[in-house]
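Single-letter residue listing:
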Amino acid sequence: MDHIDRALVAKLQEDAGQSYAGLGQAVGLSAGAAHERVRKLRERGVIRRTTVDVDPAAVGGGVLAFVMVDSTSWMGDSADDFAALPEILEAHVIAGSASVLVKVRTTTTAQLQDVLRRIYAIGGVSGTQATVVLETFFERPVSPLV
């Protein structure tokens, strides 16, 4: 990726709905050249998808928790089991005292408790430790400029 590709990705992260003419103008390209570069970034997998940023609380996801999952066996093959729980937004195999770290959003703490029960039902899971977020200072996307 050159500096123009990085600038295009940064602009798309700010507003993925802007026109190719606007993108091109921001980075010194024609609309056609900007479109072609974005197409190539998609083909190479740099841009994985185009999405919108939704306020979780506005759609019933006001409770955010990070859950450390302990296990009795290797959990690296259990991605599908975690993905089957729609409240889990992210799941990561980690090094350290736990095996997996998941990010969970629910409407209530009662619903979070239900998610924890369903995590326990995944083969190999021996325990969980949930940390409920009280306030989020900020969240940021990966910067293509760093």
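Look up: the structure comes first, before these words.
Residues numbered from 1 in each chain as written. Predicted model: local features only at pLDDT ≥ 70, side-chain atom pairs only at ≥ 80, totals over all residues. Heavy atoms only, no water.

Enquirer: Just checking my understanding: could you explain the overall build of the protein chain for this structure?
Expert: Across its full length, the protein chain holds five helices and four strands. In terms of C-alpha radius of gyration, the protein chain reaches 20 Å, well past the compact-globule figure of 15 Å for 146 residues. Along the three orthogonal principal directions, the C-alpha set of the protein chain runs to about 55 × 35 × 25 Å. Counting only carbon and sulfur atoms, one obtains 53% of the accessible surface of the protein chain, whose full area is about 9500 Å². A distance of 6 Å separates the average location of the 14 positive side-chain charges in the protein chain from that of its 17 negative side-chain charges. (Helix = DSSP H or I, 4+ residues; strand = E, 2+ residues; numbered from the N terminus. Rg over C-alpha atoms; globule rule 2.2 N^0.38 Å. Areas by Shrake-Rupley, 256 points an atom, 1.4 Å probe, with all protein chains shown as cover. Lys, Arg positive; Asp, Glu negative; His and termini not counted. Charge placed at Lys NZ, Arg CZ, Asp CG, Glu CD.)

Enquirer: Where do I start with the nonpolar core in this structure?
Expert: Soluble globular proteins: nonpolar side chains tend toward being buried together. Formed by 17 residues in total, the largest nonpolar core has its most connected members in Val69, Phe82, Ile88, Val102, Val104 and Ile119. Of all elements in the fold, only β1 (63-71), β3 (100-106) and α5 (109-120) reach the threshold of two or more residues within this core. The contact partners of Val69, leaving out residues within four places of it in the chain, are Phe82, Ala98, Ser99, Val100, Val102, Ile119, Val125, Gly127 and Thr128. Formed by ten residues, the second largest nonpolar core is a distinct cluster that contains Val9, Leu23, Ala34 and Ile47. (Core = buried A, V, L, I, M, F, W, Y, C linked by side-chain atoms within 4.5 Å. Buried < 20%, exposed > 50% of the residue type's maximum accessible area, 1.4 Å probe, protein only. Contact = heavy atoms within 4.5 Å.)

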